[in-house]
Protein chains: 2
Amino acid sequence: MIRYDRGQGPDANWIVSEGAFDSRFLGKCEAIFAQGNGYLGQRAALEEDYVGQIRNLFVTGTFNRFADNEVTELPNLPDLTRVRILVDGRPFSMDRGRLLAYHRSLNLKTGEVVREVELETPEGKRLALEARRFVSLKDEHLLGFRLSITALAGNLDLRLESGINGQVTNTGSQHFQEGDKRLLKGRFLRMTSTTTQSGVVCALHAVHSFRLDGQPLPDAPHPVIDRRSLLIQQDARLQEGQTLVMEKLCSVHTSRDLAWHGQDISPADIEEGGLASISWAADLRYEGLFDRSRAAWARLWDNQDIEVVSDSGFDQLALRFALYHLNIMIKKDDPRVGVAAKGLTGEGYKGHSFWDTEIFILPYFTFTQPEAARSLLTYRYLTLQGARDKARENGYTGAMYPWESAWLTDGEVTPLWGAADIETGEPMKIWTGIIEQHISADIAYAVWQYYEATGDAAFMAEMGYEIILDTARFWASRATWNEEKAQFEYLGVIGPDEYKEHVDNNAFTNYMAAWNMKKALRIIRDLRQHQPDTYKRLNQLLSLDAAEPQLKKMLEGLYLPQPNQEGILPQFDGYFDLETIDLAPYKAQADVGSIYRDYNNTRLRQIQVAKQADVLVLFFLLEELFPQALKERNYHYHEARTLHDSSLSKSTHAVLASDLGLHDIAYDFFLGSARIDLGPSMRSSDMGIHAAAMGGIWQAAVYGFGGIRQTASHLRIAPHLPASWHSLRFPLVYQGQPLKIQVFQDRLRIQHLGDKPLQAEIWGQQREIAPGTVLEVEKEG
Amino acid sequence: MIRYDRGQGPDANWIVSEGAFDSRFLGKCEAIFAQGNGYLGQRAALEEDYVGQIRNLFVTGTFNRFADNEVTELPNLPDLTRVRILVDGRPFSMDRGRLLAYHRSLNLKTGEVVREVELETPEGKRLALEARRFVSLKDEHLLGFRLSITALAGNLDLRLESGINGQVTNTGSQHFQEGDKRLLKGRFLRMTSTTTQSGVVCALHAVHSFRLDGQPLPDAPHPVIDRRSLLIQQDARLQEGQTLVMEKLCSVHTSRDLAWHGQDISPADIEEGGLASISWAADLRYEGLFDRSRAAWARLWDNQDIEVVSDSGFDQLALRFALYHLNIMIKKDDPRVGVAAKGLTGEGYKGHSFWDTEIFILPYFTFTQPEAARSLLTYRYLTLQGARDKARENGYTGAMYPWESAWLTDGEVTPLWGAADIETGEPMKIWTGIIEQHISADIAYAVWQYYEATGDAAFMAEMGYEIILDTARFWASRATWNEEKAQFEYLGVIGPDEYKEHVDNNAFTNYMAAWNMKKALRIIRDLRQHQPDTYKRLNQLLSLDAAEPQLKKMLEGLYLPQPNQEGILPQFDGYFDLETIDLAPYKAQADVGSIYRDYNNTRLRQIQVAKQADVLVLFFLLEELFPQALKERNYHYHEARTLHDSSLSKSTHAVLASDLGLHDIAYDFFLGSARIDLGPSMRSSDMGIHAAAMGGIWQAAVYGFGGIRQTASHLRIAPHLPASWHSLRFPLVYQGQPLKIQVFQDRLRIQHLGDKPLQAEIWGQQREIAPGTVLEVEKEG
């Protein structure tokens, strides 16, 4: 086990540090040290090859389908990270020889990953290697690599082989047709390739420079062209004490770049753009380019940093780690793309967007970068047609959002088949794409949350109302009349807890559907009254006049699960009849999913056990519907039956625990969320970081400890820090007004950086915060 | 450098032995220890993973084209060789810990590959590993693996992960759509996949069994299904001294199997065939199946072995090594498939057939297994339509054979672009598919050679005449009239020496074309006279009446390059005007292609340097046209200018040197041919063994030292053994009559195992060999 912890020195809480190397666990660090800028994502595979590595380079939105029986996925572009390093004819590897020193770190402040190695080869040579890399936050098409090798003892004959390698696949599926491979102007490598089905042209360029003790080498490198591979080979002889430095700068351009959107471009345009970009980069060199990226990171942190003073520096590190990944996982200005469940850090979930976006990730953007949140919701607006098609194909009306979403026109992209059932050995059908339907209400909810937090009426008129109204129409068409009980029901769904398939009246689903329909009715009423033009347009599009009575009837007749005599809300019909087993062994698990070794899906359905928060998410999202005592009782009942096998689980528990005054438990769940990627489980991040958990860390801190919540009319602030925390300072944008909120154990400070007064309920008291002022409030009792 | 040499013990000359392990050079042993049976070919990748390994499994004839801008190639099927071995949670690797003992061998007699390893882990455990495997020569769909691990010091917690892995590609191109993945009857793994363009369905099955000290394990293995991957995971705890044995049997079936040819089958048929086959295999277990394969090998060797008694056992080993590979590289009963240039041992040349087949490989089969030779020539007959189409597309008539040939209907499959020019950095156009045209004459030549050696008149009437006649028509249409010199010429071709593109009147091409047309004229005359029905059919098809005068005119007018005043035949027009450089540094090269580091293609064209025998192949094939003195002079002139950068070069030199009485040199070239794959160049076999070199080793021995040659009327035998050889015994089939010929330094023995008397010219004397007798002849002088 390797610990991922703080670095050293004054920036210790900015640096995620890996102090030991173990080639069994490459995936962990490849994912959590991944770099990007929302446009592209670069997994942190090491330069030299190791068995089990996964080299990934993704560009947002470049989805492709390999074959008719697969779904679209984000294709893995040709690799730029690999450098074959031959030392005296033998491949450099940290598994060969004696590793005298090793350190790798991700500097969250600058976005740079640095590896420092000292190695004694089995042949008795000693060398130092330093590898640095960044993906530019400023110049989104550019990446830089810098590799230094110093001969510490003995002379070294080095050969470096580096370039562009298009032999990579997505777990075996090759998404690209080979295009052009050539050396331009004697030094720029170019590889062009085109996705096989979606026809996205990708042009990659790379340029290398070599210096031995600061001097250019006498011999130019030698190009090596192979199938899907364009490399250069550079030989150098190092005398003891000398250092060879290779700088490699790369650019990535595609025909799907936002800059080209709607334009009629040719592959030549993209190639020219790439060449211009790499030529410009070559003059700036690594340091010049990196300076620009570092400055962009500094500006971002100026706005976005959350400062924690606590007994453990890990708390601070974890928050910054989450913010780092939240800020590189989306292209904030491109409404054609969503958030991948693994960000751009791995092949897991194929780059698809789930409800993770709206419920776990979006709040961070809504409350700190509302323009990015608007872009993400616009993505959902632009995929409405697919949602309408899906509803129609399933026999419903309105908008039924895909459970998994990719490119705008892809529609539902959930794969139909998954892993094997341990008893029958047969692949199991994946039902989520068909019956995990709550996502339509989740998106509607997020739209309204965005509206309440931002007051962005233009967005609502243009897109937001349409989403809420059409998802409500879906819910109205989706319900089933139960003659016996004289109620409408939602039968055969999957709720948030994915252990349970085909359940009836999942509480979360029914309440969220009711919320969605109720909100739609209010919108219909309000629009008709106050925005007749908008009403008219939407009425034409969605037949609101006809929908309104239908929605009313459904809403009145819809069954909403009620607490039993002990005050416990059933997760779905018949939940209390399910078997109760001792979950202690699985709750104590080191890695998720241990229960699958003993129970298959069929058996799991018969047990009161949840993969993740289900009923509790309902309490979190629709908190005003349920009294505190009911929440408390249910929290204890359901948490005891939850394995937190989903990365979406712990943050919800952290917020609820905090709300319920279970402060130590809340802190434990905050740490638990942070440890999903930064913790000791060496395998769980292999397929990429957990994007929702990053949003969850923010929610645990800001919603939970910061006690931030919005109500229909105002901001509510009721913080409570964990015992070991001394202060928490975070930015917030509410109704377009930027705030800095600093919370202490016994008081808080709100700095109003905007220009309009704001109402807030602070620890139960209504306060007005004047622009340009700092409001200090002492906690009572 | 690792030496590949003879094994130990009584079977030493049957065993190719690798005595040391170096993970830099995996490809060498993966290729030369490859196993197969003509239906399938299995590269000898190690069980555990190493950086740089290439896992290959090919089934003959299953060609697929990945994309429109690629050519068809033999796709790499899902891998069966890989076993992940975890020892106390860490991957077993010979690069980790102390390798106390290592030995790997390919037993040519039995077809089994065995690896024996003793390793001390860095954690201080000691273990022995023995891995055995075979591809059944008897049951062509079946493969077997057997892995034993013994705890020598300390207890071991083992985990083995094994199954079917479809994530492999051909250098990045994925040829398969995923199909079914499932576990049948609790133990049979099945993976079905379909090639993306050609629609070939492949069904792979695997079954595992585990025994600890002979006893079944208490816990069944655990299936692990992932994308394109179906594995089982088995844990076992070994006490010190205990041995765990895993047996893995696999079957491979495809919709292109000969058994299904012409039938309307469904994937279900193939899956059922596979399941039946693997179920049957499971009962026999490794040993039972292997016994059947070993017996088939014994029968093959009984017929095919060539015995050498010489000072160096390597001579014997090299010959058996060649015979082994010759016998697993083709499916002898399937006329729909040719011979891949790398056999079924690697991705090099994409499984395509070249002139290597007819000129270098076919003679072995023609003279030892004529039915296999007939099948290979039938393959050319079945591709005639493509040859006709190619001629038409290029503006010619007749049959212009593809330079590279794949599936029957694929036509020309030479890729258009190759590696980069070192000066311009741009990919170079591959001209062979367009202008390396001698292959059409080479195929015609091989047809006639087969006919002369076998007397198979039925083949000629049905197929052979048509090939010779229609290639002759191509040559007639291909010539250009030179008004000034009043002659027909072949301009802008590539001869055997591929350094030289776009040459005029390449001697080899012109003479072979003349031979082809001359033979056609004789056939036209003979058929018209003696086989009027055949003539009528072919006349209708090929307009022979019209072709005859045309052929005559061409043949009379065709320019045949003549020796200069020094008696040297120019390789092509203007050859003697080219520059002469000092080739010594390149002749002394360790690896082929060293001249490319200093000269690009354009420069090479200006120098008197050849990649391989060119003029000399002409002397070899059409020996009766040239006097001995001319051959001798030309041998010295051209050999001095040849780098032998092609694996087709040395064997021709060996035969010619032997003919010319240069016996030491001939022996050196024999060894040189053997060392193309068995020698110290650790990289040259990476993409697969050199199929033509295997045929060349046979030619060097049987044509060269054995002095076998056929003339129009009889067999000629004029052996001369190298000084260090005491005897050479080889089988030969001539005119359907099986012979065993044993050659000594001063005499020979011919055992006639057939039923008809044979005429032979032995050391210049005409002799008759009576059936059932042994003829002994002393060498004169």
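It should be emphasised that the depicted structure is a prediction, and the values quoted were computed from it without experimental measurement. (Residues numbered from 1 in each chain as written. Chains lettered and ligands numbered in written order. Predicted model: local features only at pLDDT ≥ 70, side-chain atom pairs only at ≥ 80, totals over all residues. Heavy atoms only, no water.)

Enquirer: Can you explain the packing of helix 9 (residues 457–478) of chain B against helix 10 (residues 507–530) of chain B? Please cite residues and give values.
Expert: Residues and elements named next belong to chain B. One can describe the packing of helix 9 onto helix 10 by two numbers: an axis separation of 8 Å at closest approach and a directional angle of 125°. By the criterion of interaxial angle, the relationship of helix 9 to helix 10 is oblique. Judged by the sense of rotation from one axis to the other, the crossing of helix 9 with helix 10 is left-handed. Residues Tyr-465, Ile-468, Leu-469, Thr-471, Ala-472, Trp-475 and Ala-476 of helix 9 form the contact with helix 10, whose own contacting residues are Thr-509, Ala-513, Asn-516, Met-517, Lys-519, Ala-520, Ile-523, Ile-524 and Leu-527. Here the contact of helix 9 with helix 10 is composed, by residue class, of 12 nonpolar, three polar and one charged. (Axes fitted to C-alpha atoms, helices over the stretch in contact; angles between N-to-C directions. Helix = DSSP H or I, 4+ residues; strand = E, 2+ residues; numbered from the N terminus. Parallel < 35°, antiparallel > 145°, perpendicular 65-115°, else oblique. Left-handed = near helix turned anticlockwise from the far one by under 90°. Contact = heavy atoms within 4.5 Å. Nonpolar A, V, L, I, M, F, W, Y, C, P; charged D, E, K, R; others polar.)

Enquirer: Hey, could you go over the sheet that holds strand 18 (residues 229–238) of chain B for me, with residue numbers and the actual values?
Expert: All names here are of chain B. Taken in spatial order, the five strands line up as 7-6-12-18-17 in an open sheet, and their pairing is antiparallel. Since the sheet does not close on itself, it has two edges, and those belong to strand 7 (90–91) and strand 17 (222–226), each with one partner. Pairing of strand 6 (residues 83–87) with strand 7, which is carried by two bridges, proceeds in the antiparallel orientation. Counted as the bridge partner of Leu-86 is Pro-91 from strand 7. (Pairing = 2+ DSSP bridges.)

Enquirer: Account for helix 12 (residues 544–557) of chain A, naming residues and giving values.
Expert: Here helix 12 of chain A spans 19 Å end to end across 14 residues, near enough to the 20 Å set by a 1.5 Å rise per residue. The complete set of buried residues in helix 12 of chain A reads Leu-544, Ala-547, Glu-548, Leu-551, Met-554 and Gly-557 of chain A. (Expected span 1.5 Å × (residues − 1). Buried < 20%, exposed > 50% of the residue type's maximum accessible area, 1.4 Å probe, protein only.)

Enquirer: Would you mind going over the environment of Arg-228 of chain B in detail, with residue names and values included?
Expert: In this structure, Arg-228 of chain B sits in the loop between strand 17 and strand 18. Within polar-contact distance, the side chain of Arg-228 of chain B engages the side chain of Glu-70 of chain A at 3.3 Å. (Polar contact = N/O pair within 3.5 Å; in protein donor to acceptor, adjacent residues only side chain to side chain.)

Enquirer: Tell me about the nonpolar core, and please be specific about residues and values.
Expert: Counting 166 residues, the largest nonpolar core has Trp-355, Leu-469, Phe-670 and Leu-728 of chain A as the members making the most contacts within it. With 13 residues, helix 10 (residues 507–530) of chain A is the single largest residue contributor to this core. A domain split of this core shows at least three residues from each of domain 1 (2–282) and domain 2 (312–705) of chain A. If near-sequence neighbours (up to four positions away) are discounted, Trp-355 of chain A is found in contact with Phe-360, Trp-403, His-438, Ile-439, Asp-442, Pro-496, Phe-508, Gln-612, Val-617 and Leu-648 of chain A. Core analysis: the next-biggest nonpolar cluster, separate from the first, contains 164 residues, Phe-33, Leu-317, Phe-354 and Tyr-703 of chain B among them. (Core = buried A, V, L, I, M, F, W, Y, C linked by side-chain atoms within 4.5 Å. Domains from an automatic or database assignment.)

Enquirer: Tell me what's going on with the domain arrangement of chain A, and back it up with residues and numbers.
Expert: Residues and elements named next belong to chain A. Domain parsing of chain A yields domain 1 (2–282) and domain 2 (312–705). The straight-line distance from the C-alpha centre of domain 1 to that of domain 2 is 37 Å. Taken together, the contact between domain 1 and domain 2 spans 47 residues of the former and 41 residues of the latter. Between domain 1 and domain 2, roughly 3800 Å² of surface is buried when both sides are summed, and carbon and sulfur atoms account for 62% of that area. The three residues of domain 1 that bury the most area against domain 2 are Lys-28, Val-71 and Leu-258, which together make up 16% of that side's buried surface. The interface formed by domain 1 and domain 2 contains 18 residue pairs in polar contact (both at pLDDT 80 or more). The dominant element in the side of domain 1 that touches domain 2, judged by the number of residues it contributes, is helix 1 (residues 26–32), at four residues. When the residues that make up the side of domain 1 that touches domain 2 are grouped by side-chain class, the tally is 20 nonpolar, 18 polar and nine charged. (Buried area = accessible area lost by both parts, 1.4 Å probe.)

Enquirer: Go over the relation of the copies chain B and chain A with me, naming the residues and quoting the values.
Expert: When chain B is fitted onto chain A, the two copies agree to an RMSD of 0.0 Å after a turn of 180° and an axial shift of 0.0 Å. Expressed as an axis order, the relation between the two copies is that of a two-fold axis. Most of the interface of chain B is mirrored in chain A, where 98% of its interface residues are also at the interface. (Least-squares fit on C-alpha atoms with pLDDT ≥ 70 in both.)

Enquirer: Hey, could you go over the packing of aromatic side chains for me, with residue numbers and the actual values?
Expert: Counted by the stated rule, this structure contains 78 aromatic pairs over all chains. Relative to Trp-698 of chain B, the ring of Tyr-364 of chain B has its centre 5.7 Å away and its plane inclined at 70°; by these criteria the two rings are edge-to-face. One end of the pair, Tyr-364 of chain B, is in helix 4 (residues 356–368); the other, Trp-698 of chain B, is in helix 19 (residues 691–705), and 334 residues separate them in sequence. A residue is classified by how much of its surface remains accessible, and Tyr-364 of chain B, at 1% relative accessible area, is buried. Residue classification places Trp-698 of chain B among the buried positions, given a relative accessible area of 1%. Grouping aromatic residues by their ring pairs yields a cluster made of Tyr-364, Phe-365, Phe-367, Phe-620, Trp-698 and Tyr-703 of chain A. Of note, Arg-256 of chain B hangs over the ring of Trp-407 of chain B, and the distance from its end group to the ring centre comes to 3.9 Å. (Phe/Tyr/Trp six-rings, centres within 6.5 Å; stacked < 30°, edge-to-face > 60°. Lys NZ or Arg CZ within 6 Å of the ring centre and 35° of its normal.)

Enquirer: With reference to specific residues and values, describe the side chain of Asn-56 of chain B.
Expert: Residue and element names in this part refer to chain B. Within the fold, Asn-56 resides in the loop between strand 4 (40–42) and strand 5 (57–59). Among the polar contacts listed, one links the side chain of Asn-56 to the side chain of Asn-76, at a separation of 3.4 Å. Other than its neighbours up to four places away in sequence, Asn-56 contacts Gly-41, Gln-42, Arg-43, Asn-76, Gly-346 and Glu-347.

Enquirer: Please provide a residue-by-residue account of the pattern of salt bridges, values included.
Expert: Residues and elements named next belong to chain B. Per the stated rule, a full pass over the model turns up 122 salt bridges over all chains. Where Arg-104 meets Glu-18, a salt bridge forms, and the shortest distance between an N and an O atom there is 3.3 Å. One end of the pair, Arg-104, is in strand 8 (residues 98–107); the other, Glu-18, is in strand 2 (residues 15–18), with 86 residues separating them in the sequence. Glu-18 shares its class with Arg-104; the two are buried. Here Arg-132 ties to Glu-112 by a salt bridge, and the two come within 3.0 Å at their closest N and O atoms. Here Arg-132, found in strand 10 (residues 126–135), pairs with Glu-112, found in strand 9 (residues 112–120); they are 20 residues apart in sequence, far enough to count as distant. On the basis of relative accessible area, Arg-132 is assigned to the partly exposed category, the value being 22%. (Salt bridge = Lys/Arg side-chain N within 4 Å of Asp/Glu carboxyl O.)

Enquirer: Go over helix 4 (residues 356–368) of chain A, please, and point to the residues and values.
Expert: Residues and elements named next belong to chain A. If you check helix 4, its first and last C-alpha atoms are 18 Å apart, about what 13 residues at 1.5 Å a residue would give, namely 18 Å. Within helix 4, the axis deviates most sharply at Leu-362, by approximately 55°, and proline Pro-363 lies no more than four positions further along. Taken across its 13 residues, helix 4 has 13 buried, putting it largely inside the fold. (Bend = angle between axes of the 7 residues up to and from the residue.)

Enquirer: I'd like to hear about the environment of Phe-367 of chain B, residue by residue, with values.
Expert: Residue and element names in this part refer to chain B. Relative to the helices and strands, Phe-367 resides in helix 4. On the accessibility criterion, Phe-367 (1% relative accessible area) is buried. Considering only alpha carbons, one finds Phe-367 and Ala-588, 221 residues apart in sequence, at a separation of 35 Å. If we skip the residues at most four places from it in the chain, Phe-367 touches Gln-449, Ala-453, Trp-698, Tyr-703, Gln-710, Pro-731, Leu-732, Val-733 and Tyr-734.

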